[in-house]
Amino acid sequence: MSGSTVAPFRPGGVPRRGGRAPAGQGWAPWNQRLAPYLFVLPNMLIFGVFIIYPAINAFNVSRFDSRNGRTFTPVGARNYDRLFSDEDFWAAAWHTAVFVCCYVTLSVVVAIGLGILLNQRIRFRGFFRAVVFLPKLLSPVVVGLIFGWILDRRVGLLNNVLGAVGLPQPSWLTNGTLAMVCTVSAAIWLHVGFYTLIILAGLQGIDPTYYEAAQIDGATAAQRFRRITLPLLAPTTMVVLILSTIEGFQAFDFIYSLTGGGPVGATTLIVQYIYEHAFRSPVRYGLAAAGSVVLFCTIFALTLLNFWFGRRRESI
Amino acid sequence: MIVVSQRPPTVRPQRRWTGTSGRRPPTAGRVLTYAVLVVLAVVVLVPIVWLALSSFKTQSELAQRPPSLLPKSFGLSNYSGALSTFDFSVYLRNSVIVTSAATVLTLVLNSTAAYALAKYNFRGRNLLFLVTLGTIMIPLQVIFIPVYQVATQLGLVNSLWGLIIPPAATPTGVFLIRQYMLSIPDELIEAGRIDGAGEFRIFWRIVLPQCKAPLAVLTIFSVLWRWNDFLWPLIISQSQRTYTLPVALAQFASQEVVPFNYILAMSVVSMLPVIIVFLFMQRKVMQGIASTGLK
């Protein structure tokens, strides 16, 4: 910053190395040294109390069990034994895996497709972009509610339309497989606009001269997509992949109101499993606490894995 | 974005690979593009429009097969009925209070923290910044049990404070404003000091007025987050007195205690402010999200 030996008057008021200089040389008035701590304090206090302490405490909490949510008894690792021998847990884990796989794949594919469409010079582009993004702003739980009503077997809009054109009218939400299809579709409906926006930003960052050069060399549209768009979009795709994975594992609110986890647990994902064991009677608190630690570790590991694969692919 | 002058002269003076001027006959690809986009718009808009239309229907109209497109009348009886006979006015009020109070709190907490992280050198600054980034990676869904325990110990369960305070410090907001504040010249702050302004006064009168853009984006984000919040309010409000609108809708719809025409009307109410914000500030919302990669 400055070559002089005397510490210059700095905007921060404090010597550069965070107060290491002896008092009286390059020091700032006490109020300038104290001010930053007062400025960050309220925010960091809430972080500490409501995010960091609970996150650190999560494992500790999972060593206790409770039948009523008020009195807790230490049980050591027994919660994990119970969790891993609980059939419902494995069912929820399996449904989560299926949901996340479908959701992430569809998110990436649909977002890239829509991103490319919306990046073209078309009429009403602003309108279409806004339409794609609109669902992201709505309350997911209300959207789940509305979808549940539209998909209703008898009075639902969808089946009435299907009936009017002579197609079969399945009972969407009482068949396990169909209910999962509906859940994934609702998730895509809700969130894909956000991913499309990220992809659009990535597409706009690609230098158009690449396409011009390819055009001159006679590359087809498919070749341009495979050889230019996809490789140059890879970092952005990676972001969408990571975000949609995390989002997929957290899915809860719209499912709660769309299927309620049913039929017979066919769409109960892991977050709902945790919620119900912690807050619904019969309370099986230990299972919930152990379940959230497992979820935490899974998301963390998958994010690392995603990063790692992303790195490796870029280096090749 | 696209530098026209760099285009080689051999290429037609139209950006053929990105679109047409509309004067040429449409190619199959363009027809397909528009077809997909129209289908897309239908898929997105039909549920919303269908909800809006149906929110005026009576119970018997809702049970009708096949359903009629338009309601018999556009009277507001569903809306007034839900607000008066069921306590939806309370839930609506709770939602408004929580959203506005939490947003004000978010703006204050996040901008002060961002200012310290952007414009002061102090011991522990880098650590605190890393902590802020780290907390983005910890979603509520994985830690809500220990968070709930903390809230219980602090007596925040079943109180509106419990809905306002814990989510108010957002790492996203700190990050967003800090990045913007880095671009504010230090000389401005220095000048304030020379003129004898106190530290808080400099922040309030000099720095904050420069940050209208990120504050506006954060306001929009915060309103959307708090208005649509579900998991945390569901956990914290165990008595109906503190239900917010989404919690009340989800709980009453699944228990089938409230007639469905009322549920539909209140669903419209829950979507209305968001759609209004979107119509007026769509560009700002989408730019904010695209520029930060956050939501």
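Residues numbered from 1 in each chain as written. Chains lettered and ligands numbered in written order. Predicted model: local features only at pLDDT ≥ 70, side-chain atom pairs only at ≥ 80, totals over all residues. Heavy atoms only, no water.

*Asks:* Explanation requested: the overall build of chain A in the structure shown.
*Replies:* Helix and strand counts for chain A come out as 12 helices and two strands. The burial tally for chain A puts 52% of its 316 residues in the buried class. Counting contacts in chain A only where the partners sit at least 6 residues apart, residues at least 24 apart contribute 64% of the total. Carbon and sulfur atoms provide 64% of the accessible area of chain A, an area that totals close to 15200 Å². (Helix = DSSP H or I, 4+ residues; strand = E, 2+ residues; numbered from the N terminus. Buried < 20%, exposed > 50% of the residue type's maximum accessible area, 1.4 Å probe, protein only. Contact = heavy atoms within 4.5 Å. Areas by Shrake-Rupley, 256 points an atom, 1.4 Å probe, with all protein chains shown as cover.)

*Asks:* Before we go on, may I ask you to explain the overall build of chain B in this structure?
*Replies:* Looking only at helices and strands, one finds 14 helices and zero strands in chain B. Element order for chain B, N to C, with α for helix and β for strand: α-α-α-α-α-α-α-α-α-α-α-α-α-α. Counting only residues that meet the buried cut, chain B has 49% of its 295 residues in that class. Put simply, of all contacts in chain B between residues at least 6 apart along the chain, 71% involve residues at least 24 apart. When the accessible surface of chain B is totalled, it reaches about 13800 Å², and 65% of it is carbon and sulfur.

*Asks:* Any chance you could explain helix H9 (residues 186-194) of chain B here in plain terms?
*Replies:* An α-helical turn contains 3.6 residues, so any two residues separated by three or four positions project in the same direction. Every buried residue of H9 of chain B is accounted for by Ile-189, Gly-192 and Arg-193 of chain B. All buried residues of H9 of chain B fall inside an arc of 100 degrees around its axis, so they share one side. Opposite the packed face of H9 of chain B, turned more than 90 degrees from it, sit the exposed residues Glu-187 and Ile-194 of chain B. Considering only its buried residues, H9 of chain B is in contact with helix H1 (30-61) of chain A together with helix H4 (88-119) and helix H10 (199-207) of chain B. Downstream of H9 of chain B by a residue or two, Gly-196 of chain B has a phi angle that is positive, lying close to 85 degrees. (Arc of directions from axis to C-beta.)

*Asks:* I tried to follow the confidence of the model for chain A on my own but got confused; where do I start?
*Replies:* Any residue range with low pLDDT should be treated as having predicted coordinates unsuitable for detailed reading. All names here are of chain A. Looking at chain A, the pLDDT average stands at 85 and 89% of residues meet or exceed 70. The lowest-confidence element of chain A is helix H12 (residues 285-315), averaging 82 in pLDDT; the highest-confidence one is helix H3 (residues 87-119), averaging 95. This stretch, residues 1-25, has a pLDDT under 50; its non-local contacts, to residues over four places away or in other chains, come to 32 contacts. (pLDDT = per-residue confidence, 0-100.)

*Asks:* Looking at this structure, how should I read the interface of chain A and chain B?
*Replies:* Much of the literature gives interface size as the accessible area that the parts lose upon coming together. Taken residue by residue, the interface counts 95 residues in chain A and 105 residues in chain B. The junction of chain A with chain B conceals about 9100 Å² of combined surface from both sides, 76% of it contributed by carbon and sulfur atoms. Where chain A touches chain B, the interface holds zero salt bridges. At the boundary of chain A with chain B, the tally comes to 10 residue pairs in polar contact (both at pLDDT 80 or more). With 21 residues, H1 of chain A is the single largest residue contributor to the side of chain A that touches chain B. Taken together, the residues of the side of chain A that touches chain B break down into 68 nonpolar, 16 polar and 11 charged. (Buried area = accessible area lost by both parts, 1.4 Å probe. Salt bridge = Lys/Arg side-chain N within 4 Å of Asp/Glu carboxyl O. Polar contact = N/O pair within 3.5 Å; in protein donor to acceptor, adjacent residues only side chain to side chain. Nonpolar A, V, L, I, M, F, W, Y, C, P; charged D, E, K, R; others polar.)

*Asks:* Sorry if this is basic, but what is going on with the pattern of salt bridges here?
*Replies:* One side chain can pair with another of opposite charge once the charged atoms of both are near each other. Summed over the entire model, instances satisfying the criterion amount to five salt bridges over all chains. Across the pair Asp-65 of chain A and Arg-82 of chain A runs a salt bridge whose closest N-O atoms are separated by 2.8 Å. Placement of the pair is Asp-65 of chain A in strand S1 (residues 64-65) and Arg-82 of chain A in helix H2 (residues 78-84), with a sequence separation of 17 residues. The class of Asp-65 of chain A is buried, set by a relative accessible area of 8%. Asp-186 of chain B is the partner of Lys-119 of chain B in a salt bridge, and the nearest nitrogen-oxygen pair spans 2.9 Å. Taken together, the residues span a long stretch of sequence, with Lys-119 of chain B in helix H4 and Asp-186 of chain B in helix H9 at a distance of 67 residues. With relative accessibility at 10%, the residue Lys-119 of chain B sits in the buried group.

*Asks:* How should I be thinking about the side chain of Thr-183 of chain A in this particular structure?
*Replies:* Among the secondary structure elements, Thr-183 of chain A is positioned in helix H7 (residues 176-204). Non-local contacts of Thr-183 of chain A, meaning those with residues more than four positions away in its chain, are made with Phe-99, Phe-254, Ile-255, Leu-258, Thr-259 and Thr-267 of chain A.

*Asks:* Honestly, the packing of aromatic side chains in this entry has me stumped. Any pointers?
*Replies:* What characterises a pair of aromatic rings is the spacing of the ring centres plus the angle enclosed by the ring planes. For the structure shown, the criterion picks out 41 aromatic pairs over all chains. For the pair Trp-149 of chain A and Phe-260 of chain B, a centre-to-centre distance of 6.1 Å together with 45 degrees between the ring planes defines the contact as tilted. Here the residue Trp-149 of chain A occupies a position in helix H5 (residues 140-150), and Phe-260 of chain B occupies one in helix H14 (residues 260-292), the pair thus bridging two chains. Here Phe-194 of chain A and Tyr-195 of chain A contribute two aromatic rings whose centre-to-centre distance is 5.6 Å and whose plane-to-plane angle is 50 degrees, an arrangement assigned as tilted. The two residues Phe-194 of chain A and Tyr-195 of chain A agree in class, both being buried. (Phe/Tyr/Trp six-rings, centres within 6.5 Å; stacked < 30°, edge-to-face > 60°.)

*Asks:* What's the story with a nonpolar patch on the surface in this structure? I'm lost.
*Replies:* Residue and element names in this part refer to chain B. A surface patch of nonpolar side chains, about 550 Å² in accessible area, is lined by Leu-272, Ile-276, Leu-279, Phe-280 and Met-281. The topology assignment puts Leu-272 in helix H14. A relative accessible area of 45% means that Leu-272 is categorised as partly exposed. (Patch = residues over 30% accessible without salt bridge, like charges linked within 9 Å, V, L, I, M, F, W, Y side chains within 5 Å.)

*Asks:* Looking at this model, I keep getting lost on the nonpolar core. Mind explaining?
*Replies:* In summary, soluble globular proteins display a tendency toward joint burial of nonpolar side chains. Membership of the largest hydrophobic core comes to 176 residues, with the highest contact counts inside it found for Phe-99 of chain A together with Phe-88, Tyr-115 and Met-181 of chain B. With 16 residues, the top contributor of residues to this core is H7 of chain A. Residue contacts for Tyr-115 of chain B: discarding those within four places in its chain leaves Phe-39 of chain A together with Tyr-120, Met-181, Ile-189, Ile-202, Phe-203 and Val-207 of chain B. (Core = buried A, V, L, I, M, F, W, Y, C linked by side-chain atoms within 4.5 Å.)

*Asks:* What should I look at first to understand the packing of H1 of chain A against helix H6 (residues 140-153) of chain B in this one?
*Replies:* Packed helix pairs are specified by the crossing angle of their axes together with the interaxial distance, meaning the distance between the axes. One way to put it is that H1 of chain A packs onto H6 of chain B with a least axis distance of 8 Å and a crossing angle of 110 degrees. In terms of their interaxial angle, H1 of chain A and H6 of chain B are classed as roughly perpendicular. Between H1 of chain A and H6 of chain B lies a crossing of right-handed hand. In this structure, H1 of chain A uses Val-49, Phe-50, Ile-51, Tyr-53, Pro-54, Ala-55, Ala-58 and Val-61 of chain A to contact H6 of chain B, whose residues at the interface are Ile-143, Ile-145, Pro-146, Val-147, Gln-149 and Val-150 of chain B. In terms of residue class, the contact of H1 of chain A with H6 of chain B is built from 13 nonpolar, one polar and no charged. (Axes fitted to C-alpha atoms, helices over the stretch in contact; angles between N-to-C directions. Parallel < 35°, antiparallel > 145°, perpendicular 65-115°, else oblique. Left-handed = near helix turned anticlockwise from the far one by under 90°.)

*Asks:* Please explain the confidence of the model for chain B as it appears in this structure.
*Replies:* All names here are of chain B. Summing up the model confidence of chain B, the mean pLDDT is 85 and the portion of residues at 70 or higher is 87%. Ranking the elements of chain B by mean pLDDT puts H14 last, at 80, and H4 first, at 95. pLDDT under 50 marks residues 1-16. Its contacts with residues more than four places away, or in other chains, come to 20 contacts. Across the interface, the model reports ipTM at 0.83; the global pTM reads 0.85.

*Asks:* I'm lost on unusual backbone geometry in this one. Help?
*Replies:* Residues and elements named next belong to chain A. Even without a glycine there, the phi angle at Phe-124 is positive, about 55 degrees. Summarising the element assignment, Phe-124 is placed in the loop between H3 and helix H4 (125-133). The exposure class of Phe-124 is exposed, given its relative accessible area of 61%. Phi is positive for Val-264, which is not a glycine, with a value near 45 degrees. Along the polypeptide, Val-264 turns up in the loop between helix H10 (253-258) and helix H11 (270-279). With relative accessibility at 89%, the residue Val-264 sits in the exposed group.

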